[in-house]
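Structural features, examined
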Number of protein chains: 2
Amino acid sequence: MDQLPPTRERQTVGTTMRNCVVACCVLFLGACSSAPSSLRGTADLATVIARADGQVAILDTTAHQWTGKVAGLGDLSHASIVYSRNGQFAFVFGRDGGLTKVDILNQTIVGRAMQAGNSIGGAISQDGKLVAVANYEPGGVRVFDSQTLDLVADIPATIGKGPDRSKVVGLVDAPGNRFVFSLWDSGEIWIVDFSSGTTPEITRFENIGTQPYDALITPDGRYYIAGLFGEDGMVMIDLWHPENGVRRILDHYGKGETRLPVYKMPHLEGWAVAGKQAFVPAVGRHEVLVIDTDSWKETGRIAVHGQPVFVMAHPDGKHVWVNFSVPDYDTVQIIDTESLEISGELKPGTGVLHMEFSPRGDQVWLSVRDDNKVIGYNPYTLTRFAELPLPSPSGIFMSHRAGQTGL
Amino acid sequence: MDQLPPTRERQTVGTTMRNCVVACCVLFLGACSSAPSSLRGTADLATVIARADGQVAILDTTAHQWTGKVAGLGDLSHASIVYSRNGQFAFVFGRDGGLTKVDILNQTIVGRAMQAGNSIGGAISQDGKLVAVANYEPGGVRVFDSQTLDLVADIPATIGKGPDRSKVVGLVDAPGNRFVFSLWDSGEIWIVDFSSGTTPEITRFENIGTQPYDALITPDGRYYIAGLFGEDGMVMIDLWHPENGVRRILDHYGKGETRLPVYKMPHLEGWAVAGKQAFVPAVGRHEVLVIDTDSWKETGRIAVHGQPVFVMAHPDGKHVWVNFSVPDYDTVQIIDTESLEISGELKPGTGVLHMEFSPRGDQVWLSVRDDNKVIGYNPYTLTRFAELPLPSPSGIFMSHRAGQTGL
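If you're wondering where the values come from, they're calculated on a predicted model, not measured in any experiment.

A count of helices and strands for chain A gives zero helices and 33 strands. With 407 residues in all, chain A has 62% of them scored as buried. The long-range share in chain A, meaning contacts at least 24 apart out of those at least 6 apart in sequence, stands at 46%. Surface exposure of chain A reaches about 14100 Å², of which carbon and sulfur atoms provide 49%.

Laid out in structure tokens, this is it:
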């Protein structure tokens, strides 16, 4: 276990970029306008990214149909979504630096900011007041008021004393109104603490490893884990004890043991924690790794159909579902978390990019890109109960994420 | 470990009671009526029971104010609430056998059934289609269509071959569209499986122990645990393996070691599972027990201020909050789950009956009955940020429960 001491500094809010942010605030549409006029709850709604068209489709998981679509969201390759505290608004992080606030009930764009040139995901604070975006160009994190999309804090990811900047990856929210993210170019992890207001306290962990490329936070918000592209192993921070620094885990994880070309680095947000085990996609291998979440050591490997991309736990913890990179992306496999054996397999179509369970686990929805479909399955019987057309669907995001740390 | 083999039978839907059910269906109010006309999400709403008035108050946890109140719900002593799949409807289980469906957006009663003479809680199925109520008189469970409140199944809790019936307690939902409950009079646990439709398959576990009085299900829906009033210890069923029968745990838990009068049997739904530990209110003692959730054995005891009633985990797992029975019900204590020490204490007022965290844990709300107040605290700083008047408040229910197994 390496323990690297953090450095700490207080950073004032950057205001220079505020004027560069193009924020167009569309008036809130009253309920008595057109189609979406009846009051309805949001707990059974989801959003699905339609990558080719720059659209987001809104899914009613009870009626098994789209309630509507919202267009004009720019480049949605590798886009992701977080939700407002009340579940009404989806914040869509586009690849082109666009941050769009979509009202999923009125089905309108209520705000949009081209806040950077190139972005990779974002997060919403525990209190719901701040939305943070991870940027490649210019490298750093920008933090916005979730109500107005006004810039609240600009945090350049400076390398050393600057002026060079790093690309930012693996941005998540953490308890205590914190954000945590990694710096690709300089091998750092930063904790940015907004618990005292809009002027963050920043803690930098330097020399954590080479090229962190993605990260995850455990569902309770305690452990932040980053994957390294430039070397084997991963790094972990216990956010209950940031003073203990960074710990290396899974020294054999990564490129060193790769025997196959890596078609796609697996998504770390796809780690499944079920009971006391984590299920982790191996890099470039046809395997899912089993990790004990007490010791954070590997306890087993499960042979699977292809190179895993997402490994998602069913909410009941009994099964995890795995999809694969090209050329095996027509298949989904189901692992029994007790026997660690493959207990089921589906061939939903070509290009299964993402999977999302309903909060209580009665449904699972799959995006099948090349077939231009989103398919709903009963995860117990594996019967297909819905098949909805959508051009090039990718990420699926249940609005239940509004109440889930790190999502 | 005792393992009792289950018996199994298939039971047809009881229809005789259908005509006795008084279900008044109020027309769905359109959105363009009066005050609550703007579309809004439900993820930040909660409901609070105002026991003295037979009312439910609807709390906006973002604006820190009531959005409205709905009256006419009958006897709400010991009342509880579950939510519809979309978060719009609260099903209120009254002590007088009343089942009321409240639209928390339009703030109206949309259905009400006096479905029994005396009831004790209920549950909603994993797929959201069925609402089940646990009845004392007549003893059994009645299951209703969540849309219409039509009776779908009547399950008398027969003792042996009948005709005598048992009071039913500890009713919860479980994965696989199951309900699980306990029979006070006959010492049984039943699993009722609705996965094949509205005709349930019933599995009976007999001779589980004397007078089960309440139960809980772990957050993943795997373990059902019932407390025994008539003897020491508890009983547990692993719902992944019901064929293994019932296991006895915590043999010393309960009355046998009581040295103080028991003012109130603790709520088992108040068990907090944080990481790999469960925190359990001791019966009649000024202690919280610490249980290892691998072995289900007691690993520690924490001395607290009074007889604990609810022990609730903060969503980040770092702390659990404890309230107490009379005469100590002016106090709330906070336990650090790592050090197992008391790390904080509050005196919110007289009669702290319930506590509920916001889903991501930025807030905690307390019902202070004798002061006729509901108080919001920042659980990190322990500062009070809201104080809302309400006559005799008791249970607080965040709508996030719509997506949570067992809640």
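Looking now at the side chain of Asn106 of chain B. By the secondary structure assignment, Asn106 of chain B is in the loop between strand E7 (98-103) and strand E8 (108-114). At 2.9 Å, the side chain of Asn106 of chain B forms a polar contact with the side chain of Asp103 of chain B.

A word on the nonpolar core. Grouped together as the largest cluster of nonpolar side chains are 38 residues, with contacts concentrated most on Ile81 of chain A together with Ile81 of chain B. Where this core is concerned, the elements lending two or more residues are strand E2 (45-50), strand E3 (55-60), strand E5 (80-83) and strand E6 (89-93) of chain A together with strand E2 (45-50), strand E3 (55-60), strand E5 (80-83) and strand E6 (89-93) of chain B. Not counting chain neighbours up to four residues away, the residues in contact with Ile81 of chain B comprise Thr47, Ile49, Val56, Ala90, Phe91, Val92, Phe93 and Phe397 of chain B.

This brings us to the relation of the copies chain B and chain A. Rotating chain B by 180° about the axis while translating it 0.0 Å along that axis superimposes it on chain A, leaving an RMSD of 0.0 Å. Such a turn and shift between the copies fits a two-fold axis. Same-surface contact between copies: 100% of interface residues of chain B are shared with the interface of chain A.

Right, let's talk about the packing of aromatic side chains for a bit. How two aromatic rings sit relative to each other is given by the distance of their centres and the angle of their planes. Residue and element names in this part refer to chain B. As enumerated under the stated definition, the model contains 14 aromatic pairs over all chains in all. Taking the centre distance of 5.8 Å and the plane angle of 45° together, the rings of Trp184 and Phe229 count as tilted. With a gap of 45 residues between them, Trp184 in the loop between strand E14 (178-183) and strand E15 (188-193) and Phe229 in the loop between strand E18 (223-228) and strand E19 (234-238) connect regions that are remote in the sequence. Consider the rings of Tyr223 and Trp296, whose centres lie 5.3 Å apart with planes at 65°: the pair is edge-to-face.

A separate point is the interface of chain B and chain A. Facing the 56 residues of chain B at the interface are 56 residues of chain A. A combined buried area of about 4200 Å² lies between chain B and chain A, and 52% of that area is made up of carbon and sulfur atoms. Where chain B packs against chain A, one counts eight salt bridges. For Asp362 of chain B, the salt bridge goes to Arg85 of chain A, with nearest N and O atoms at 3.2 Å. At the surface where chain B touches chain A, the tally comes to 37 residue pairs in polar contact (both at pLDDT 80 or more). Split into classes, the residues belonging to the side of chain B that touches chain A amount to 15 nonpolar, 26 polar and 15 charged.

Cis geometry marks the peptide bond from Glu137 of chain A to Pro138 of chain A, where omega comes out at -5°. In this structure, Pro163 of chain B follows Gly162 of chain B across a cis peptide bond, with omega equal to 5°. Within the fold, Pro163 of chain B resides in the loop between strand E12 (151-156) and strand E13 (168-174). Notably, Leu382 of chain B is not glycine yet its phi reads approximately 60°, a positive angle. Within the secondary structure, Leu382 of chain B sits in the loop between strand E31 (373-377) and strand E32 (384-389). Classification of Leu382 of chain B as partly exposed rests on a relative accessible area of 26%. One non-glycine residue, Ser392 of chain B, adopts positive backbone phi at about 45°. Looking at where Ser392 of chain B falls in the secondary structure, it is placed in the loop between E32 and strand E33 (393-398).

What follows concerns the pattern of salt bridges. In the structure shown here, the tally under the stated rule is 42 salt bridges over all chains. Note that Arg360 of chain A and Asp173 of chain B form a salt bridge whose closest N and O atoms lie 2.8 Å from each other. One end of the pair, Arg360 of chain A, is in the loop between strand E29 (352-357) and strand E30 (364-368); the other, Asp173 of chain B, is in strand E13, on a second chain. The pair formed by Arg360 of chain A and Asp173 of chain B is uniform in burial state, with each residue classed as buried. A salt bridge links Glu338 of chain B to Lys318 of chain B; its shortest N-O distance comes to 3.5 Å. Here Glu338 of chain B is found in the loop between strand E27 (332-336) and strand E28 (342-346), whereas its partner Lys318 of chain B is found in the loop between strand E25 (308-313) and strand E26 (319-324), with 20 residues between them in sequence. Overall, Glu338 of chain B belongs to the partly exposed group, its relative accessible area being 37%. Linked by salt bridges that have partners in common, Arg222 and Asp238 of chain A together with Lys318, Asp336 and Glu338 of chain B make up one network.

Let's shift gears to the pairing of E2 of chain B. Residues and elements named next belong to chain B. Counting buried positions along E2 gives six out of six residues, so the element sits mostly inside the fold. In this sheet, E3 lies alongside E2 in antiparallel orientation, the contact comprising six bridges. Residue pairing across strands places Ala46 opposite Leu59, the latter belonging to E3. Here E2 hands over to E3 after four residues, with Gly54 in that stretch at a positive phi of 60°. In the sheet, E2 pairs with E33 via four bridges, with the strands oriented antiparallel. Pairing of Thr47 across the sheet is with Phe397, part of E33.

For the rest of this paragraph, the subject is the sheet that holds strand E10 (residues 130-137) of chain A. Residues and elements named next belong to chain A. Strand order in the open sheet formed by four strands is E9-E10-E11-E12, and the pairing between neighbours is antiparallel. Since the sheet does not close on itself, it has two edges, and those belong to strand E9 (118-124) and strand E12 (151-156), each with one partner. Direction aside, the axes of adjacent strands within the sheet are offset by 20° on average. As judged from the five bridges shared by E9 and E10, these two strands associate in the antiparallel manner. By the bridge assignment for E10, Ser119 is matched with Asn135.

Residues and elements named next belong to chain A. The predicted model of chain A has a mean per-residue pLDDT of 88, with 88% of residues at 70 or higher. Note on residues 1-5: pLDDT is under 50 here. Beyond four places in sequence and across chains, it has twelve contacts. Overall, residues 7-35 carries pLDDT values under 50, and its contacts beyond four positions in sequence, including any with other chains, amount to 62 contacts. Interface predicted TM-score (ipTM) for the complex: 0.90; the corresponding pTM is 0.91.

What follows deals with the sheet that holds strand E17 (residues 212-217) of chain A. Residue and element names in this part refer to chain A. If you walk across this open sheet you meet the four strands as E17-E18-E19-E20, and the pairing is antiparallel. Each end of this open sheet is capped by a strand with a single partner; those strands are E17 and strand E20 (246-249). Between one strand axis and the next, the sheet turns through 25° on average, direction left out of account. Alignment of strand E18 (residues 223-228) against strand E19 (residues 234-238), held across five bridges, turns out to be antiparallel. The residue of E19 that forms the bridge with Gly227 is Met234.

Attention now goes to the environment of Ser195 of chain A. All names here are of chain A. Here Ser195 lies in the loop between strand E15 (188-193) and strand E16 (201-205). With sequence-adjacent residues up to four places away left out, Ser195 is seen in contact with Gly176 and Asn177. One polar contact links Ser195 to Asp193, side chain to side chain, over a distance of 2.6 Å.

The subject of this paragraph is the pairing of strand E28 (residues 342-346) of chain A. Each regular strand displays side chains that alternate between the two surfaces of the sheet. All names here are of chain A. As defined by bridge partners, strand E27 (residues 332-336) adjoins E28 across four bridges and the pair is classed as antiparallel. The residue of E28 that forms the bridge with Ile334 is Gly344. Hairpin geometry of E27 and E28 is characterised by an intervening segment of five residues between the two adjacent antiparallel strands and by a positive phi of about 60° at Leu340.

Topologically, Ser196 of chain A is positioned in the loop between E15 and E16. Along the chain, Ser196 of chain A and Gly176 of chain A lie 20 residues apart, while their C-alpha atoms are 9.7 Å from each other.

Quick notes on the rules
- Residues numbered from 1 in each chain as written.
- Chains lettered and ligands numbered in written order.
- Predicted model: local features only at pLDDT ≥ 70, side-chain atom pairs only at ≥ 80, totals over all residues.
- Heavy atoms only, no water.
- Helix = DSSP H or I, 4+ residues; strand = E, 2+ residues; numbered from the N terminus.
- Buried < 20%, exposed > 50% of the residue type's maximum accessible area, 1.4 Å probe, protein only.
- Contact = heavy atoms within 4.5 Å.
- Areas by Shrake-Rupley, 256 points an atom, 1.4 Å probe, with all protein chains shown as cover.
- Polar contact = N/O pair within 3.5 Å; in protein donor to acceptor, adjacent residues only side chain to side chain.
- Core = buried A, V, L, I, M, F, W, Y, C linked by side-chain atoms within 4.5 Å.
- Least-squares fit on C-alpha atoms with pLDDT ≥ 70 in both.
- Phe/Tyr/Trp six-rings, centres within 6.5 Å; stacked < 30°, edge-to-face > 60°.
- Buried area = accessible area lost by both parts, 1.4 Å probe.
- Salt bridge = Lys/Arg side-chain N within 4 Å of Asp/Glu carboxyl O.
- Nonpolar A, V, L, I, M, F, W, Y, C, P; charged D, E, K, R; others polar.
- Pairing = 2+ DSSP bridges.
- Axes fitted to C-alpha atoms, helices over the stretch in contact; angles between N-to-C directions.
- pLDDT = per-residue confidence, 0-100.

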